[in-house]
Structure formats: structure tokens, C-alpha cells
Amino acid sequence: MHLSRRKLIQGSLALGALGTAAWLKPADQGKNHSIYFQALSAALTHAEIARPTLIIDKTRLLHNIHTLKTHIGEYYGYRIVVKSLPSLPLLDLIARETGSRRFMLFDERFILKLLAHRADSDILLGKPLPVMAANKVLTQTPEPSGSDIRWLVDSLERLAEYRKLAVQRNQHLRLNLEIDVGLHRGGFQSESTLMAALNMIREEPLLHFDGLMGYEPHIVKIPGTPSTHLDTVLNQYQGFLAHAKAQLGEDFPSQPILNTAGSPSYQLHTHRARQAQSSTPCNELSAGSCLVKPMDFDLPSLSDHLPACFIAAPVLKSLPDTRIPGVPGLGELMAWWNPNLKKSVFSYGGNWKAQPVSPEGLTYNPLYGRSSNQEMLNASASIHLNMNDWIFLRPTQSEAVFLQFGNIAVYEQNQLVDSWPVLA
Ligand SMILES: Cc1ncc(COP(=O)(O)O)c(C=O)c1O
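Residues numbered from 1 in each chain as written. Predicted model: local features only at pLDDT ≥ 70, side-chain atom pairs only at ≥ 80, totals over all residues. Heavy atoms only, no water.

## Looking at the pairing of strand β15 (residues 390-395)
Taken residue by residue, a regular strand's side chains alternate between the two faces of the sheet.
Logical step 1: Burial runs high along β15: six of the six residues are buried.
Logical step 2: Burial along β15 is two-sided: W390, F392 and R394 facing one way and I391, L393 and P395 facing the other are all buried.
Logical step 3: Of the strand pairs in this sheet, strand β10 (residues 309-319) and β15 are connected by four bridges, and their pairing is antiparallel. Residue pairing across strands places A312 opposite F392, the latter belonging to β15.
Logical step 4: Here four bridges tie strand β12 (residues 354-358) to β15, and the two strands are oriented antiparallel to one another. Counterpart to Q355 in the pairing with β15 is R394. (Buried < 20%, exposed > 50% of the residue type's maximum accessible area, 1.4 Å probe, protein only. Helix = DSSP H or I, 4+ residues; strand = E, 2+ residues; numbered from the N terminus. Pairing = 2+ DSSP bridges.)

## Examining the packing of aromatic side chains
Logical step 1: Under the counting rule described, the total for this entry stands at ten aromatic pairs.
Logical step 2: Between W336 and W337, the ring centres sit 6.2 Å apart and the planes meet at 45 degrees, which makes this aromatic pair tilted.
Logical step 3: Judged by centre distance (5.4 Å) and plane angle (40 degrees), the rings of W352 and F405 are tilted. Placement of the pair is W352 in the loop between β11 (343-348) and β12 and F405 in the loop between β15 and β16 (408-412), with a sequence separation of 53 residues.
Logical step 4: On the basis of relative accessible area, F405 is assigned to the buried category, the value being 8%.
Logical step 5: By way of ring pairs, the aromatic residues Y36, F37, F310, F392 and Y411 are connected into one cluster.
Logical step 6: Over the ring of F346 we find K317, and its NZ or CZ is 5.9 Å from the ring centre. (Phe/Tyr/Trp six-rings, centres within 6.5 Å; stacked < 30°, edge-to-face > 60°. Lys NZ or Arg CZ within 6 Å of the ring centre and 35° of its normal.)

## With respect to the packing of helix α4 (residues 88-98) against helix α5 (residues 108-117)
Logical step 1: It is at 11 Å that the axes of α4 and α5 come closest, and there the two elements cross at 60 degrees. Between α4 and α5, the interaxial angle falls into the category oblique. Considering only the axes of α4 and α5, their crossing is right-handed. In this structure, α4 contributes L88, L91 and D92 to the contact, and α5 contributes K113, L114 and H117.
Logical step 2: Looking at the contact of α4 with α5 residue by residue, the classes come out as three nonpolar, one polar and two charged. (Axes fitted to C-alpha atoms, helices over the stretch in contact; angles between N-to-C directions. Parallel < 35°, antiparallel > 145°, perpendicular 65-115°, else oblique. Left-handed = near helix turned anticlockwise from the far one by under 90°. Contact = heavy atoms within 4.5 Å. Nonpolar A, V, L, I, M, F, W, Y, C, P; charged D, E, K, R; others polar.)

Don't take any of this as a statement about function, it's just geometry.
Have a look at this one:
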């Protein structure tokens, strides 16, 4: 037999390609429920739940609260971000455990519900509400609560609207000014416009300057070192604050609210404070999501927080193969290449902002499409799921997802111990 040099080269190239293909071929990622998810499944079934359910693991939630408290210590006030934790019993527990009655709100209906539930809430808006929404809240809120709200104002135009509202209602309003410290989501960008705003506030006896709010989640997302970005943010913050103090002189409030942070960055602030590198212009930190840690918050800056919220969905159908409508054989071909696409499971509900986490290796089918009714997920042959079993997903965020399931099921020590209504 004679092998030409050309054939030898072709042969080795083909072998190389096969080797590379074998290397690229996905491995079987399938693993059945861990003991944790077996216990959670048993608790759901024991409670006779048979629909998609949002679960909070109370032990993990308490761990996260304790972690947050330990970091914040006496360095800052803590403000609870309501949109990320939209349930009154959940907020009550966090308020009790942290000793905070400061809340950050983003929605007029939530403000009304919170005030009806906890009249002593100290409310700071996290976004500037349209003046009509502010008027609605004031109309439906008995004095003095309405005047106590710290309304957020981001521009001279909005300030003019709030001034008109105060005059029309003959009601005192506390105004906190949103400053742009690098996120570029609006807010006062220059010291000169901030000064103009402060002048407008000073000239109207019904308006009261409350402090500043500068949100900076970008510092953990943009290239570079987060702590260096934080220094830049705090320098800008300090600049705005110094101008406000100089401008207002004796009229500067004795207890201003100087708010910053969110879950991704709060530990950078507390770390800096502990190191006593330099003083900070801010006196309170807001955070919410880190207490339940949805997937978008799997960040190095939150490595000591635990995932505490899950979606549980019943398995409606568990099929031994995966078939794609209209293309016979394609499902088999895909499963031949990727063993994790071998079986198909249809869940009760779906299409949430969430990723499957248990059994491990469960994935969305790349071709079949998403469904809010019965969603196809794929599993390898190593995964054993039957009709009426449970699959678990982690929400990528809490604020929208928590509102999609009705009451939250509270899980503690292998049992469902409570059912918390959400702020619908
Ligand atoms: C103004 C403001 N502060 C703080 C936060 C932080 O919320 P969380 O801790 O849930 O990320 C947000 C979130 O959007 C925000 O808009």
C-alpha cells in the first residue's frame, strides 16, 4: 500500500478536526437533585402545592441580613430597597432584624401600601415620580406622613413642578436631589444646576432641602478596579455636597440624607469605611436584592451572600427524547451532539426571568422556543425526573419576578412555614 504525502497530510488534518470536534462536544452535565433540593421538593409536595411557586429560604435570608448588618455596622444607616423585596411581611422581617425603618420606594402604590401598613416608615424615593403621582400619594396620605416623604428631584423642570404642587396644596415638601455620579441616568450633572435648584428651594418656604442621592452600580460593571471607581464617585459626591453646604450655609439641614449604593457596591463602601482610608460624604446605603440574591447578583462583591430565592415548577411531562416539530430527526441529532438535550421535560409555567438550577444540567432548548404555559427544558439521560416532580430555577432579578406567583412560600428547616403576600 502506498500513502502519498498529500493523503497523509489530509488524514492528519481530518484526525485533528475530529479531535477538536470531540473536544468541543459538550459533556453530560446532568446531576439529580442535591439533598437540599430533594428536601425542598418534599416540603412542597407535603404542603400540597401543585403550581409554580416563588420560594424564599428563610435561613439563608437571615444569613444574608446578618452579613449585611455585619458589614454596615455603625458606619452607615441602612435603607431597605422595597422594589427588590416587594412583600410586606418580608419587609417587616428585614426591618426588625436590621433595626431600620428607612425604605426606598419607586412606585406610588407601594408607598401607599407601606404607609398604611407602617405609618412610621421613613420613605426616600429611588426615582423621581411624575408630579401627578406625587399628588395622588399626598391626596391619599394623611398629614404629616405625606410631608415626611423624601421626594426625589432630578432636574430644574421637575423642581418647578414640585414647587407648583407644594403651592397648590399649600403643603410642605421635603426634596432630595438626585446627583449624577457617573451612572448617567439623569440627575443633576453640574454644580451650577445644583446651585440653581438649591436657590429655588430656598426661595420657596414650602420646600425643604433634604439631602442628596447618588446611585453608582456601574462601578462593579465597567472595566477597571471597582474601589478606584468608587473613589471617583465619592469625589464627585463630595464636590456636590461641598457646594450645597457652601450655598445653604446655616440653612443646610442638620441631619441630611446622603444616600448612595445598591447591592452590587455596598460592601465596597463598608470596606472603605473600615479601612478608614478617608472620610465619606455619604451617611446611608441602600440595598435590597443582596438579601435574596437573584442570579444577576452573583458578583465577587457579594460572594458572602447566599441565593435565598427560587422558583419551583411542577413537572407536567417527562419524555425520553426531544423532538422538534416539523424537522424529523433534528432533536435526535442535537441530542447526539449534546447529551444534555436528550430528554425533554415540560414545566408548569415558564418563560420567567430565571435560569434552571436543579436538577443540574437542565437547559432551555435552543430551538423549541419559550412558553409561559408549558415550557420545554432538556435534560441528559443521567437526570431522572417524573411527572409531579419539581424543577427549580433561580430568578435573575427579584423585582419583577417576585410579583408573578402570588404568595411567596417561606421555607425553613425542611418545611414551608409561612406564606407571604406580595405587593401586587
Ligand atoms: C436609586 C437606587 N438605589 C439603590 C438601588 C439598589 O437596589 P438593589 O440593592 O436591589 O440592587 C437601586 C436599584 O435599582 C436604585 O435604583
